[in-house]
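# Close look at the chain arrangement
Chain residues, written in single-letter form:
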Amino acid sequence: MRKSRGVLAAVLAGFVVSLSYGCSPSYPECFDDSHCRKDAKGRAIEEYCLNGKCAECRNDEHCSSKRDESYICNNGKCQRINGYCNPEAGIHCPAGQKCRDRRCGPECYPETVAEDCKEGQICENNRCVEPPECLRDEDCPAPKICQNRRCVDPPVCQMRLAYFDFDESAIRSDARTVIEQNANCIKERGDVRSTRIVGHCDERGTEEYNMALGKRRADAIRNMLGRLSIRNVTSASRGDLDPVVRGATTEAQHQQNRRGEFLLNQ
């Protein structure tokens, strides 16, 4: 029995020796780095044995020595660090971020705003911004208003169209609201010297009839503007010569053509 054990031990020792000196693993299998100096075709490479497999790297130093400091070893592969920056090498951060210690981060911090931002700027939500000019309309000189924290001129109101029913020149309730709003807009603007109302019709009816109908519609709007204290108003008709929708077939399309148009002379 003792002799048999000796023979078995000798066989095992010989097997280990044969693995160590006589039989090398085939690429990419490896026991140590020496097995990762040639690829399967016998070409020279510089890889490292990692968990029994040849890999591009085993630690960060392998990557930085092969490439540069922006690369680290991740599961045997060299990958660029997420957020790495190096302005001297032309590697910059995205807009709104700043490079610190080779890493991209917030553009600014409130405690270091003097260093991070231009003179006069403030740090808000980690971005360098100009200080707000206003927070509400009352902060601005009249007649300016506060928009996006800046004092700006108020938007100029625009004229809206007044619509009519089929073969009608009477002012509808919705058109009345539009005319009143347009009258207020004319008063607010203060730069309107005169107003011209143009009546339009849909394409049904003769040209002569539609010209007369368009004039009645324009006159109805002009008369209402006069009652709203709007002066220097004239009226005209284009009949069905200028349709918004040409070749209209549906009532919704015809409705767009039956309208009163406000033209301002400034």
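Residues take numbers from 1 onward in each chain, read along the sequence in its written order. pLDDT decides what is reported in this predicted model: residues at 70 or higher carry local features, side-chain atom pairs at 80 or more are listed and counted, and totals for whole chains, interfaces and linings draw on all residues regardless. To obtain the side-chain values, all non-hydrogen atoms of the structure were included, while hydrogens and water were left out.

### Description of the packing of aromatic side chains
We call Phe, Tyr and Trp rings a pair once their centres come within 6.5 Å, taking the six-membered ring for Trp, and we label the pair stacked below 30 degrees between planes, edge-to-face above 60, and tilted otherwise. For the coordinates displayed, the defined rule picks out zero aromatic pairs. In this analysis the charged atom, NZ for Lys or CZ for Arg, is taken to sit over a ring once it is within 6 Å of the ring centre and within 35 degrees of the ring normal. The ring centre of Tyr48 lies 5.6 Å from the NZ or CZ of Arg37, which sits over that ring. Stacked on the ring of Tyr71, the Lys or Arg Arg67 has its end atom at 4.8 Å from the ring centre.

### So, the sheet that holds strand S14 (residues 259-265)
A pair of strands counts as paired when DSSP detects no fewer than two bridges linking them. Helix numbering and strand numbering both begin at the N terminus, where a helix is a DSSP run of H or I of at least 4 residues and a strand a DSSP run of E of at least 2. The mixed open sheet is built from four strands, whose spatial order is S11-S14-S12-S13. The strands lining the two open edges of the sheet, one partner per strand, are strand S11 (162-163) and strand S13 (233-239). Where S11 lies against S14, two bridges are found, and the strand directions are antiparallel. Directly across from Ala162, in S14, lies its bridge partner Gly260.

### So, the nonpolar core
To define a nonpolar core, start from buried Ala, Val, Leu, Ile, Met, Phe, Trp, Tyr and Cys residues and group those joined through side-chain atoms within 4.5 Å. Partly exposed describes any residue whose relative accessible area lies between the buried limit of under 20% and the exposed limit of over 50%, with all areas from a 1.4 Å probe on protein chains only and scaled to the type maximum. Grouped together as the largest cluster of nonpolar side chains are 20 residues, with contacts concentrated most on Ala162, Ile171, Ile179, Ile197, Ile221, Leu225 and Phe262. Of all the secondary-structure elements, those providing two or more residues to this core are helix H4 (173-189) and helix H5 (207-227). Not counting the four nearest positions on each side in its chain, Ile221 is found in contact with Ala162, Phe164, Ile171, Ile179, Ile197, Gly260 and Phe262. Listed in part, the five residues of the second largest apolar core include Cys57, Tyr71, Cys73 and Cys78. A contact between two residues is defined here by any heavy atoms of the two lying within 4.5 Å.

So yeah, pure geometry; function would need other evidence.
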